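Residues per chain are reported as follows:
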Amino acid sequence: AQTVTQSQPEMSVQEAETVTLSCTYDTSESDYYLFWYKQPPSRQMILVIRQEAYKQQNATENRFSVNFQKAAKSFSLKISDSQLGDAAMYFCAYRRGTYKYIFGTGTRLKVLA
Amino acid sequence: GAGVSQTPSNKVTEKGKYVELRCDPISGHTALYWYRQSLGQGPEFLIYFQGTGAADDSGLPNDRFFAVRPEGSVSTLKIQRTERGDSAVYLCASSAGRTDTQYFGPGTRLTVL
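About the thresholds
Residues numbered from 1 in each chain as written. Chains lettered and ligands numbered in written order. Predicted model: local features only at pLDDT ≥ 70, side-chain atom pairs only at ≥ 80, totals over all residues. Heavy atoms only, no water. Helix = DSSP H or I, 4+ residues; strand = E, 2+ residues; numbered from the N terminus. Rg over C-alpha atoms; globule rule 2.2 N^0.38 Å. Buried < 20%, exposed > 50% of the residue type's maximum accessible area, 1.4 Å probe, protein only. Contact = heavy atoms within 4.5 Å. Areas by Shrake-Rupley, 256 points an atom, 1.4 Å probe, with all protein chains shown as cover. Lys, Arg positive; Asp, Glu negative; His and termini not counted. Charge placed at Lys NZ, Arg CZ, Asp CG, Glu CD. Core = buried A, V, L, I, M, F, W, Y, C linked by side-chain atoms within 4.5 Å. Pairing = 2+ DSSP bridges. Axes fitted to C-alpha atoms, helices over the stretch in contact; angles between N-to-C directions. Polar contact = N/O pair within 3.5 Å; in protein donor to acceptor, adjacent residues only side chain to side chain. Disulfide = S-S within 2.5 Å.

**Some thoughts on the overall build of chain B**
If you tally the helices and strands in chain B, you get zero helices and 11 strands. The secondary structure elements of chain B, listed N-terminal to C-terminal, are β-β-β-β-β-β-β-β-β-β-β. Taken over the C-alpha trace, chain B has a radius of gyration of 13 Å; the compact-globule value for 113 residues is 13 Å, and the two agree within 12%. Considering only C-alpha atoms, chain B reaches an extent of 35 × 25 × 25 Å along its principal axes. Sorting the 113 residues of chain B into buried and exposed places 46% on the buried side. Restricting the contact set of chain B to residue pairs at least 6 apart, pairs at least 24 apart contribute 54%. Put simply, chain B shows about 5200 Å² of open surface, and 47% of that area lies on carbon and sulfur atoms. Averaging the coordinates of the 12 positive side-chain charges in chain B and doing the same for the 11 negative ones gives two points 6 Å apart.

The following block contains the structure:
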């Protein structure tokens, strides 16, 4: 069975600094998708970034980028120039080509002014 | 609508009561999903609708849980004889197709006393 592990329950970063959130997953599949979602106190899950496993190039969305290491089954999220609005729970998720997402337990990110 | 909406935002009920939770997906999205998020956990898949039919209900925990989507748009998650263990945030998501990125609503926080 596929699993997603986020080993950092909580992280802190100074405003304007860079932080990296870790995620590892376990799968025997070769074709899948990985996601990072942000969940602020409003509870709404917001898509941050998405990576297709067949693409070697790491996905980037403005200040957010990933380090996708397929062989190591690692999918970390780097947030550059952290802002107060980045404070939230961050969930890593795996999807095997269809629709069923498997989420990690989340990392709470605190941004210090 | 502009995004996925869910009502009510919060629901408090007594053990043994019946509750209905509503989800209004993004207009035009044919796929709809329900997830349950317990405290300190990531969302867990409950059920997936393609159009009006439940294509996969393998995540429903038991027969007290039921969901419908009679016209292929709005969906209702129904929980009979609620138990304290049902307390959680129930998230709804929709996507254009089953392989497309899922967009989440703000969830309904259910508290069973």
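**Digging into the nonpolar core**
Core analysis: the biggest nonpolar cluster contains 25 residues, and A:Y25, A:W36, A:F75, A:L77 and A:Y90 have the highest contact counts within it. Counting residues per element, the ones that place at least two in this core are β3 (19-21), β5 (33-39), β6 (46-52), β8 (64-69), β9 (74-79), β10 (88-95) and β12 (107-112) of chain A. Tallying contributions element by element places β10(A) first for this core, with four residues. Residues in contact with A:F75, not counting those within four places in the same chain, are A:C23, A:Y25, A:L34, A:F35, A:W36, A:Q51, A:V66, A:N67, A:F68 and A:C92. In this structure, B:V4, B:L21, B:C23 and B:L110 belong to the second largest nonpolar core, which totals 20 residues.

**A look at the sheet that holds strand β8 (residues 75-79) of chain B**
Residue and element names in this part refer to chain B. Read from one edge to the other, the open sheet built from four strands follows the order β1-β3-β8-β7, with strand pairing classed as antiparallel. Edge strands, defined here as strands with exactly one partner in the open sheet, are β1 (5-7) and β7 (65-68). For this sheet, the mean angle separating the axes of adjacent strands, direction not counted, is 15°. Across three bridges, the pairing between β1 and strand β3 (residues 19-24) is antiparallel. Bridge pairing in β3 links T7 to R22.

**Some thoughts on the side chain of B:H29**
All names here are of chain B. With respect to the element layout, H29 can be found in the loop between β3 and β4 (31-37). Take H29: its relative accessible area is 14%, and that puts it in the buried class. Not counting the four nearest positions on each side in its chain, H29 is found in contact with R69, G72, S94, S95, A96 and Y103.

**Notes on the side chain of A:Q39**
Among the secondary structure elements, A:Q39 is positioned in strand β5. At 2.9 Å, the side chain of A:Q39 and the backbone oxygen of A:R43 are in polar contact. Not counting residues up to four positions away in its chain, the partners in contact with A:Q39 are A:Q44, A:M45, A:A88, A:M89, A:F91, B:Q37 and B:L91.

**Brief notes about the environment of B:G3**
All names here are of chain B. In this fold, G3 is placed in the segment before β1. Counting along the chain gives 74 residues from G3 to L77, while the straight-line C-alpha distance between them is 19 Å. Not counting the four nearest positions on each side in its chain, G3 is found in contact with D24, P25 and I26.

**Points about the state of the cysteines**
All names here are of chain A. For the structure on display, the rule yields two disulfides over all chains. Between the sulfur of C23 and that of C92 lies a disulfide, 2.0 Å long from S to S. Across the S-S bond linking C23 and C92, the dihedral sits near -70°, which makes this disulfide left-handed. Separated by 69 residues along the polypeptide, C23 in the loop between β3 and β4 (24-26) and C92 in strand β10 bring together distant segments of the chain.

**Structural notes on the environment of A:Y101**
Note that A:Y101 resides in strand β11 (residues 101-103). On the basis of relative accessibility, which here comes to 2%, the residue A:Y101 falls in the buried class. Residues A:Y101 and A:Y33 lie 68 residues apart in sequence; the distance between their C-alpha atoms is 9.3 Å. Contacts of A:Y101, omitting those with residues within four sequence positions, involve A:F35, A:Y37, A:A93, A:Y94, A:R95, B:Y35, B:D100, B:T101 and B:Q102. A polar contact of 3.4 Å, which involves the side chain of A:Y101, links it to the side chain of A:Y37.

All quantities given are derived from atomic positions and should not be read as evidence of function.
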